[in-house]
Amino acid sequence: MIQLNSSTLNKIILISFFFYALSSCQKPLEKLVTEDTIIEKKVDSLLSLMTLEEKIGQMSQVRHFSDITDEDIATKFIGSVIHTQGPTPGKDAEEWQARFITLQKKALSTRLGIPLLFGVDAVHGQNTFEGATIFPHNIGMGATHNSKLVQEAAEITAIETQATGFNWTFSPCIAIPYNEKWGRVYEAFSESTELTEEMAIASVKGHQGKLSDSSTVMATAKHYIGDGSTDFGIEGGNTSLNLKEVSERLLPPYRAAVKAGVGSIMVSFNAMSNKAMHAHKELITDTLKTSMGFDGIVVTDWKGYSRFGKNDIINAGVDMVMAVDGDLAFFQNGLKKGIDSEYVAMERVNDAVKRILRQKFRLGLFKNPFPNASLIQQIGSSEHRAKARQAVRESLVLLKNQDKVLPIDKSAKKIVVVGEHANNSGLQSGGWTIAWQGVKQNYKGATTILDGIKKIAKGDVVYDMDATGNHLDADVAIIVVGETPYAEVFGDIGDGNGTYKLSLSEKHKSYIQNYSNKGIDVIVVLISGRPLVVTPEIVQTDAFVAAWLPGSEGDGIAEVLFGDFNFTGKLPHSWPKYEKDFEGTYGPNFWNNTITPLYEFGYGLTY
Ligand code: BGC
């Protein structure tokens, strides 16, 4: 037997402890490496079995109606199904799940049984499903400056998205809007690159969690890149920003999203110095994939293949094509020809397919391809709505509070509430709510601003929708005005001769006039997807609140107006003063200090 003295023994214990510590430190790292390595091995071996038709099929995304028959899922080897506008997959969540289960079974019946990805524009809650919890649009989430809340909202959205049968959301939009004339300002968090970076990370983490869980979904950072910085704020226009500014102001949120593990990135409709982004190899392959190390899926936007350069977009680095609305055969045949003629290299196709398979493995779809039925009961639950109501409260920005008219006294004898936006959850929610362009009527499960006021006020609450002025005996007038819902190009303001303007409509201006300077406290709540030029109206009124597009929990607004909660929201955009400030290419250009805003980024009063 070997005799050990105590100092040798101590040394041995120390050394063994060192090795033990080292090995236990290494465990998570080893595990990670192993999981990724295993996935890569599976991807490679599956790819090696695939025919060209199966590969092109994986790169195809279609709608669940019109574009395909159910059989096509199998015969055309479809990789992904999208639901956005158009007929819903069923009347309730059970039917939505059942519809996608049917399609998934078709995919699984193929030779290699590769499961489908189901994608949806769940951009502020699972907004395509009536009865889901609808959060404030991202501009309101940006106003909260609360990334923890953004993460929690994304977690809830992921649950409700999975509950309706999807495993992929086309969210978050991490644009940096330069011009309030753009119709998609509200889809983005902020004009600030730093704030958008922070929110992008939170949103990706919230949606994706541990990607293989059955209550999380793959997120999409969109629209890469320059969507919000087109000249004159035109959706899908051209941006003339130089690459230095693109790199400094637009790319950081993408770098952050990639670092946070975002599973997919959607290419933008716009051009970059007149080159279509979909066909921009330097920005897609060199910058995003090679230099940032993005290993997920680059997906086109709507009909990206036929609109932006056909096989050039594949060569630029696009992996999956939204081959919708008549594009499927055109894409599948076109790519086949491109490969046959060697215009598109097989290597490029293999890279695209690997990325798609990789995400399918990461999502755990080969093990568990079906949605989780037990999540259905959580759609629109009171816990989820309570979180959305918190988001509504925290998104409100108090711009003016003269003579401290806010908070409103709960015992005020009579309160008059004015404006169609006060009593209409469709109007308060903006585009991408129930329908693509939003709705103009109340929808299931939502509460209105008026509902909230009625719940809290102890005295009389009268609703004077068109501001007849018949209630001048009231103590307080709460006037709710703003924009009507729009999405994408339909919300562009352009030359200002279209439907939308950067100021209030004459009708809404008259609502304010009819109650101002009549001895009543006048409080305006502005519902809008962007800051509007309301300089004269702010002067006319006693208090002014920017409420953005709050979503389904409209009653949360009253909780702040009556002082149950303080204001905490801060402007996510500089607030413009004059319409003439928007004459230039990029609108007011506050960042170059050429124009002074009415209120600076970050402004917001409290009680
Ligand atoms: C929009 C995208 C959206 C896609 C799918 C496009 O028109 O630009 O943001 O994800 O449609 O609905």
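Keep in mind that what you see is a predicted model, and the values were worked out from it rather than measured. (Residues numbered from 1 in each chain as written. Predicted model: local features only at pLDDT ≥ 70, side-chain atom pairs only at ≥ 80, totals over all residues. Heavy atoms only, no water.)

Draft legend 1. The packing of helix 6 (residues 147-163) against helix 14 (residues 382-395), seen in detail. Here helix 6 crosses helix 14 at 145°, and the two axes come no closer than 10 Å. Crossing of helix 6 over helix 14 shows left-handed handedness. Taking contact as the criterion, the partners of L149, E152, I156, I159 and E160 in helix 6 are, on helix 14, H384, K387, Q390, A391 and E394. When its residues are assigned to classes, the contact of helix 6 with helix 14 shows four nonpolar, two polar and four charged. (Axes fitted to C-alpha atoms, helices over the stretch in contact; angles between N-to-C directions. Helix = DSSP H or I, 4+ residues; strand = E, 2+ residues; numbered from the N terminus. Left-handed = near helix turned anticlockwise from the far one by under 90°. Contact = heavy atoms within 4.5 Å. Nonpolar A, V, L, I, M, F, W, Y, C, P; charged D, E, K, R; others polar.)

Draft legend 2. Structural context of unusual backbone geometry. For the bond from Y224 to I225, the omega torsion is -5°, close enough to zero to count as cis. Along the chain, I225 turns up in the loop between strand 5 (220-224) and strand 6 (238-239). P407 follows L406 through a cis peptide bond whose omega is -5°. Take P407: it is sitting in the loop between strand 12 (397-401) and strand 13 (414-418). Phi is positive for D403, close to 50°, though the residue is something other than glycine. By secondary structure assignment, the location of D403 is in the loop between strand 12 and strand 13.

Draft legend 3. Focus on the pattern of salt bridges. Inspection of the entire model under this criterion finds 34 salt bridges. For D67, the salt bridge identified is with R63, shortest N-O distance 3.0 Å. The same class applies to D67 as to R63, namely buried. Salt-bridge contacts for E152 lead to K387; the nearest nitrogen and oxygen are separated by 2.9 Å. Placement of E152 in helix 6 and of K387 in helix 14 is noted, with a sequence separation of 235 residues between them. For E152, a relative accessible area of 18% gives the class buried. Residues joined by salt bridges that share partners form a network here, namely K289, D319, R348, D351 and R355. (Salt bridge = Lys/Arg side-chain N within 4 Å of Asp/Glu carboxyl O. Buried < 20%, exposed > 50% of the residue type's maximum accessible area, 1.4 Å probe, protein only.)

Read these as geometric descriptors, not functional statements.
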